[in-house]
Amino acid sequence: MSFDLGDTVRLEAECHDADGILADASAAVLTITLPDGITATPTVANPPGQTGKYSADYVTQQAGRHSARWVFTSPADAYTDVFDVREAAPPMLFSLAAAKKKLDIPSTSTGDDEELREFIEATTACVEHFVGAVVPRTVRQVLSGNRETLRLHTCPVIAVTAVTPLQTWQQAVDVSVLDADPDTGIVRRTDNLCFPVGDYRITYTAGRTAVQPNVSLAGKLILQHLWRTNFGAARGPSSSDDFLVTEPIPGFGYAIPNRAMQLLQGDRDFGGFA
């Protein structure tokens, strides 16, 4: 399960002696390593009457993978785990409410909400593999100049927002003279000049300002299939539904229902910029 940025994560561990029996340690230290390599050591608690059981609360500060390393002294014991923190605005093709409606989950039923949000993010990645970026996001890409055009790898392109020279001697490029083709990612200058020599970091926005119904519906069908597969026959429909997916898509096995792929055909990105 991923946590939201700003969530309080409760981390727990147990201390055992050499015989594997729970025991209180003379010292317990929890070290959390953040995605940027910085470490944090939150206060560790050992509740009264909870022999060998330790916990600590940590308020998340960064998105990404975190590692949690517990080290106990007398008895000597150690335990390592990981947890993930979502971005402040994670890529989600549709809302939790829309997903629950598609899956016939009552809005008042919240027990599966956290897992379902992960399914929505996974579904979004599946759809974007085929049609390119859907959810708007900021992309940074380093490209070399000394040419007439530049090609951005994430499409559709909404706008180029900055071109930053990576060496001090390089000539600056004004973004107001740039024209970016949304579908191909090809960037040209409108002043008929070439991009100067050197490497540039291009910052741009990619995605779609509006999601077409066929893309949204395809995503919901993929979500429905993955959710039913996850719970097996207990929540699966009859054999006439895509729950079985009798004709797997080459390279993707049984994860993508064919009817979802058919909905995406008109928007598929064959150029490889997804």
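Please refer to the structure higher up on the page.
Worth saying up front: this structure is predicted, and the values here are computed from it rather than measured. (Residues numbered from 1 in each chain as written. Predicted model: local features only at pLDDT ≥ 70, side-chain atom pairs only at ≥ 80, totals over all residues. Heavy atoms only, no water.)

Here's the deal with the overall build of the chain
A count of helical and extended segments in the chain gives 4 helices and 13 strands. Counting all 274 residues of the chain, 36% fall into the buried class. In the chain, 68% of the contacts between residues at least 6 apart in sequence involve partners at least 24 apart. Of the roughly 14800 Å² of accessible surface on the chain, a fraction of 51% belongs to carbon and sulfur atoms. (Helix = DSSP H or I, 4+ residues; strand = E, 2+ residues; numbered from the N terminus. Buried < 20%, exposed > 50% of the residue type's maximum accessible area, 1.4 Å probe, protein only. Contact = heavy atoms within 4.5 Å. Areas by Shrake-Rupley, 256 points an atom, 1.4 Å probe, with all protein chains shown as cover.)

Some words on the sheet that holds strand 13 (residues 199–206)
Ordered by their spatial adjacency, 3 strands build an open sheet running 8-13-10, and the pairing between neighbours is antiparallel. Whereas interior strands pair on both sides, the edge strands pair on one side only; in this sheet they are strand 8 (137–144) and strand 10 (157–165). When the angles between neighbouring strand axes are averaged without regard to direction, this sheet yields 25 degrees. Bridge analysis of strand 10 against strand 13 gives 7 bridges, and the strand direction is antiparallel. From the neighbouring strand, Thr164 faces strand 13, where its bridge partner is Arg201. (Pairing = 2+ DSSP bridges. Axes fitted to C-alpha atoms, helices over the stretch in contact; angles between N-to-C directions.)

A closer look at helix 2 (residues 113–131)
Taking 1.5 Å as the rise per residue, helix 2 with 19 residues should run 27 Å; its terminal C-alpha atoms sit 27 Å apart, in good agreement. Among all positions of helix 2, only Asp113, Leu116, Arg117, Phe119, Ile120, Thr123, Thr124, Val127, Glu128, Phe130 and Val131 are buried. Two residues or fewer after helix 2 comes Gly132, characterised by a positive phi angle close to 85 degrees. (Expected span 1.5 Å × (residues − 1).)

Notes on the sheet that holds strand 12 (residues 186–189)
Consider a sheet: its strands pair through backbone hydrogen bonds, and that pairing is either parallel or antiparallel. In spatial order, the strands read 9-12-11; together these 3 strands make up an open sheet with antiparallel pairing. Taken across any chain shown, the strands that pair with only one partner, and hence form the sheet edges, are strand 9 (149–151) and strand 11 (178–180). Strand-to-strand twist across the sheet, computed as the mean angle between neighbouring axes with direction ignored, equals 25 degrees. Looking at chain direction, strand 9 and strand 12 are connected through 3 bridges and run antiparallel. Each bridged residue has a counterpart across the sheet, and for Leu150 the counterpart in strand 12 is Val187.

Some words on the pattern of salt bridges
Counting across every chain of the model gives 11 salt bridges. Between Arg86 and Glu114 there is a salt bridge, with its nearest N and O atoms 3.7 Å apart. One end of the pair, Arg86, is in the loop between strand 7 (77–85) and helix 1 (96–102); the other, Glu114, is in helix 2, with 28 residues separating them in the sequence. Arg86 gets classed as buried once you look at its relative accessible area, which sits at 3%. A single salt-bridge network, built from bridges that share partners, covers Asp4, Arg86, Glu114, Arg117 and Glu121. (Salt bridge = Lys/Arg side-chain N within 4 Å of Asp/Glu carboxyl O.)

A word on unusual backbone geometry
In the segment running from Ser74 into Pro75, the intervening peptide bond is cis, with an omega of 5 degrees. Along the chain, Pro75 turns up in the loop between strand 6 (64–73) and strand 7. Cis geometry marks the peptide bond from Cys155 to Pro156; its omega dihedral reads -5 degrees. If you check the backbone angles, Asp104 has positive phi at about 60 degrees while not being a glycine. You can see Asp104 is positioned in the loop between helix 1 and helix 2. The exposed category is assigned to Asp104, whose relative accessible area is 69%.

Quick notes on the side chain of Arg86
One polar contact links the side chain of Arg86 to the main-chain carbonyl oxygen of Ser2, over a distance of 3.3 Å. Within the structure, Arg86 has its side chain in polar contact with the side chain of Glu121 (distance 2.4 Å). Residues within four places of Arg86 in sequence aside, it is in contact with Ser2, Phe3, Asp4, Leu5, Ala63, Glu114, Arg117, Glu118 and Glu121. (Polar contact = N/O pair within 3.5 Å; in protein donor to acceptor, adjacent residues only side chain to side chain.)

These figures come from the coordinates and say nothing about function on their own.
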